[in-house]
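An overview of the molecular structure
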Amino acid sequence: MNFGEKLLKLRKEKGLSQEALAEKLNTTRQAISKWENNQGFPETEKLLMIGNIFEVSIDYLLKESAENNDDKEDGYYVSREMAEGFLLSSKKIANHVGIGFGLFALAFEPYFILGTTSLLGVLLIIIIATLGIISFATLGFDQGQYTVLKKEVLLFDSNYIKELITRYEGFKRKHLGTTIVGGSLLAVGFLAFALEKKLEMGILVPYYPIFVFLIAVGLALSVRTVTIISAYQLLVKNNEHTNRFSFKLKQKVKKKLDEF
């Protein structure tokens, strides 16, 4: 059984049309038709994606055999398109989460300036907190397709992973100042409240609105940067993620359930 015959067989077993498979592979129906009729052959990246979709080994696809020994390299191949989509989605989420946390902190500002006895103060607290909720509510659910990245050992094209590591290191260097500023603002804000509570002298109370503002800005900057860095780390430091005890435990449980 040659590659075209195997692809046709796998597609039929999966219940996919040529159009549906083409969409998953980010190619055309005509390309699928040519592959199945042995009039062409997919590039390496597409071949790896086919292996992931049908859960078969690359060796099985390439060998002139009908047997599937399921001996592919253990892991999930991540295409450039998928990785870039995940990072773009993570950056959007980072913006929303950062702004959301910043607004929640900022909602305390009217309380320290106007108090809760002021109708205007109460209204401002409600408005700012609502904006924070809206920021979280508009996150969307577009990361569902990337859940697999947190559950599997990831495989990448060697050239692309090198590029990704370079970008990750560049992002960290570029945003080092932002990380320091965000952390410093948080430290100053929280330290001021802690000192006033400890000393109970009332010296810092008039400056509470300033400290709240510092905390809000610090949260927005820190949460955004940490969220994006975490997304990069999931890809470029996947070994650390998959070597964690919690990950290995989940994999063992999943394997047992599959066997059952």
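Cut-off values and rules
- Residues numbered from 1 in each chain as written.
- Predicted model: local features only at pLDDT ≥ 70, side-chain atom pairs only at ≥ 80, totals over all residues.
- Heavy atoms only, no water.
- Helix = DSSP H or I, 4+ residues; strand = E, 2+ residues; numbered from the N terminus.
- Contact = heavy atoms within 4.5 Å.
- Buried < 20%, exposed > 50% of the residue type's maximum accessible area, 1.4 Å probe, protein only.
- Core = buried A, V, L, I, M, F, W, Y, C linked by side-chain atoms within 4.5 Å.
- Phe/Tyr/Trp six-rings, centres within 6.5 Å; stacked < 30°, edge-to-face > 60°.
- pLDDT = per-residue confidence, 0-100.
- Salt bridge = Lys/Arg side-chain N within 4 Å of Asp/Glu carboxyl O.
- 1 Å grid on protein atoms, 1.4 Å probe; cavity = no way out; pocket = protein on both sides within 12 Å on 5 of 7 lines; lining within 4 Å.
- Points joined across faces, edges and corners; volume = space filled by probe spheres on them.
- Nonpolar A, V, L, I, M, F, W, Y, C, P; charged D, E, K, R; others polar.

**Concerning the side chain of Ser 135**
With respect to the helices and strands, Ser 135 occurs in helix H8 (residues 119-137). Once you skip the residues sitting within four places of it in the chain, Ser 135 turns out to touch His 96, Ile 99 and Gly 100.

**Quick word on unusual backbone geometry**
Residues other than glycine seldom take positive phi values, yet Asn 26 does so here, at roughly 55°. Relative to the helices and strands, Asn 26 is located in the loop between helix H2 (18-25) and helix H3 (29-36). At Asn 38, a residue that is not glycine, the phi angle is positive and equals roughly 55°. Checked against the element boundaries, Asn 38 lands in the loop between H3 and helix H4 (44-54). For Asn 38, a relative accessible area of 41% translates into the label partly exposed.

**Structural notes on the nonpolar core**
Grouped together as the largest cluster of nonpolar side chains are 22 residues, with contacts concentrated most on Phe 86, Leu 149, Leu 164 and Leu 235. If you list the elements that add at least two residues to this core, you get helix H6 (80-106), helix H10 (158-174) and helix H12 (208-236). Ranked by residue count, the leading element in this core is H12, at 7 residues. In contact with Leu 235, other than residues within four places in its own chain, are Ala 83, Phe 86, Leu 87, Leu 149, Leu 154, Phe 156, Ile 161 and Leu 164. In this structure, Leu 10, Leu 21, Leu 47 and Leu 61 belong to the second largest nonpolar core, which totals 20 residues.

**A word on the packing of aromatic side chains**
When we look at a pair of aromatic rings, we describe it by the centre distance and by the angle of the planes. Applying the stated criterion to the full structure yields 11 aromatic pairs. With centroids separated by 6.4 Å and ring planes inclined at 70°, the aromatic side chains of Phe 193 and Phe 211 adopt a geometry described as edge-to-face. Note that Phe 193 is positioned in helix H11 (residues 176-199) and Phe 211 in helix H12, a separation of 18 residues in sequence. Residue classification places Phe 211 among the buried positions, given a relative accessible area of 12%. By way of ring pairs, the aromatic residues Tyr 111, Phe 112, Phe 193, Tyr 208 and Phe 211 are connected into one cluster.

**Describing the confidence of the model for the chain**
On average, residues of the chain score 85 in pLDDT, and 86% of them reach the 70 mark or higher. Summarising per-element confidence for the chain, the mean pLDDT is lowest in helix H14 (residues 245-259) (58) and highest in H12 (95). pLDDT under 50 marks residues 66-73. Its contacts with residues more than four places away, or in other chains, come to 18 contacts.

**Overview of the pattern of salt bridges**
Evaluated as defined, the whole model comprises 8 salt bridges. Across the salt bridge formed by Glu 43 and Lys 46, the nearest N and O atoms sit 4.0 Å from each other. In this structure Glu 43 comes out as partly exposed when scored by relative accessible area, which is 48%. The shortest N-O distance in the salt bridge between Arg 167 and Glu 163 comes to 3.5 Å. One end of the pair, Arg 167, and the other, Glu 163, are both in helix H10, 4 residues apart, so they sit about a helical turn from each other. Its relative accessible area of 27% is what places Arg 167 among the partly exposed residues. A relative accessible area of 30% means that Glu 163 is categorised as partly exposed. Three or more residues are tied together by salt bridges with common partners; here these are Arg 80, Glu 84, Glu 163 and Arg 167.

**Brief notes about the environment of Ser 222**
Mapped onto the elements, Ser 222 comes out in helix H12. Taking the C-alpha atoms as reference points, Ser 222 and Thr 178, 44 residues apart in sequence, are found 7.5 Å from one another. Leave out the neighbours within four places in its chain, and Ser 222 touches Gly 182, Gly 183 and Leu 186.

**Comments concerning the environment of Val 205**
Structurally, Val 205 is set in the loop between H11 and H12. Residues Val 205 and Phe 112 lie 93 residues apart in sequence; the distance between their C-alpha atoms is 8.7 Å.

**Overview of the layout of surface pockets**
Roughly 450 Å³ of volume is contained in the second largest pocket. Lining the second largest pocket we find 14 residues, and of these Lys 24, Met 49, Ile 53, Tyr 76 and Met 82 sit closest to its centre. The class makeup of the residues in the lining of the second largest pocket is 6 nonpolar, 4 polar and 4 charged.

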